[in-house]
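# Survey of secondary and tertiary structure
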Amino acid sequence: MKVSSIQMNMKLGDVDANFAHAAELICRAAEGKPDVVLLPETWNTGFFPTDGLKELCDADGARVKAEIGALARRLKINIVAGSVSNVKRGKIYNTSYVFDRQGGVVAEYDKVHLFTPMAEHQSYAWGDHTSVFQLDDARCGVIICYDIRFPELIRTMTLKDIDVLFVVAQWPSVRIPHLTVLSEARAIENQVFLALCNSCGTAGKTQYGGNSSLINPWGETLARAGKSEEIISADFDLSVIRDIRSSINVFRDRRPGIYSLGDFCPRP
């Protein structure tokens, strides 16, 4: 499986410009004949306009399905369409849509962990489910940005036997070292390929840090972007997963009866 991660610089609040630019970058990435193309978080609006956000949002993914789904069908590629600011059931969600080579929606995921330090929860509603899906011969999952700090979410998904974890993000420059370590750790501990797509550029006072990466289950980086807009690609040899999981079988050796994942009770 060849994966291309599009490290996109978007314009805050300029939805038409962002859709046009995303389409341009997807077409450019498709020239390299990838199996899957990956976009960053909330690429339609940027992360995130505090004024008039609802009016800028997609409406139950209608525009993404029409435009990005059509691109997937025309280019005959799978597209993990990052995530978009999206209104459904009267609330705003941070939603990821995944398209197969025929342009059909094979997965829809709403961000479960909203980034309260930037008050994301005051504008967006919390997601309530994981997303595991099939792309060609690979079983895959997708998470959004802050989700990567919650290993219990990813382990829940990998217990459903995924091979590839897609991570779409708007991660700031100041915390890129965290993103690097967390991405490598999630790949190693879950014995999966990890495809990270971060944004770059600025939104308001925040500088986003790029450094999108494609990582194998040993935690080795197959490709890494810099700080500016670019497309990176790598081949994921899914056949290595079986060997890795047989040589260090962490899933067989788990002791779920010992684990307790109740609420955190801070010490006084």
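In this text the structure is predicted, and so the values were computed from the model without any measurement.

About the cut-offs
Residues numbered from 1 in each chain as written. Predicted model: local features only at pLDDT ≥ 70, side-chain atom pairs only at ≥ 80, totals over all residues. Heavy atoms only, no water. Core = buried A, V, L, I, M, F, W, Y, C linked by side-chain atoms within 4.5 Å. Buried < 20%, exposed > 50% of the residue type's maximum accessible area, 1.4 Å probe, protein only. Contact = heavy atoms within 4.5 Å. Pairing = 2+ DSSP bridges. Helix = DSSP H or I, 4+ residues; strand = E, 2+ residues; numbered from the N terminus. Expected span 1.5 Å × (residues − 1). UniProt positions renumbered as here; feature names shortened; annotations may be inferred. 1 Å grid on protein atoms, 1.4 Å probe; cavity = no way out; pocket = protein on both sides within 12 Å on 5 of 7 lines; lining within 4 Å. Points joined across faces, edges and corners; volume = space filled by probe spheres on them. Nonpolar A, V, L, I, M, F, W, Y, C, P; charged D, E, K, R; others polar.

With that out of the way, let us pick up the nonpolar core. Ranked by internal contacts, the top residues of the largest apolar core, which has 50 residues, are Leu135, Leu165 and Phe166. Apart from the residues lying within four places of it in its own chain, the contact partners of Leu135 are Met1, Val36, Asn78, Val80, Val98, Phe99, Val106, Cys140 and Phe166. Counting 23 residues, the second largest nonpolar core, distinct from the first, contains Val15, Leu25, Ile68 and Leu71.

The next subject is the pairing of strand E12 (residues 200-203). Alignment of E12 against strand E13 (residues 206-209), held across four bridges, turns out to be antiparallel. Residue Ala203 lies in a different strand from E13, and its bridge partner there is Thr206. Linking E12 back to E13 in an antiparallel pair, the connection comprises two residues, with Gly204 at a positive phi of about 65 degrees.

The next point concerns helix H3 (residues 62-75). Taking 1.5 Å per residue as the helical rise, H3 with its 14 residues ought to reach 20 Å, and the 20 Å between its terminal C-alpha atoms agrees with that figure. Of all the positions in H3, only Val64, Ile68, Gly69, Leu71 and Ala72 are classed as buried. Buried residues along H3 sit against helix H1 (15-30), strand E3 (58-59), strand E4 (78-80), strand E5 (84-88) and strand E6 (91-99). Just downstream of H3, Lys76 is the residue with a positive phi angle, here 60 degrees.

Okay, the UniProt feature "domain: CN hydrolase" (unreviewed entry) in the chain next. In this structure's numbering, the residues bearing the UniProt feature "domain: CN hydrolase" (unreviewed entry) are residues 1-238. Regarding residues 1-238, the helix share stands at 24% and the strand share at 32%, and the terminal C-alpha atoms are separated by 7 Å.

The full count for this structure, using the stated rule, is two cavities of 30 Å³ or more. Lining the largest cavity we find 13 residues, and of these Phe115, Cys145, Gln170, Pro172 and Arg175 sit closest to its centre. Class assignment of the residues belonging to the lining of the largest cavity gives a composition of eight nonpolar, one polar and four charged. Taken as a whole, the second largest cavity holds about 60 Å³ of empty space. Broken down by element, the lining of the second largest cavity gets its largest block of residues, three residues, from E12. Residue classes in the lining of the second largest cavity are distributed as six nonpolar, five polar and no charged.

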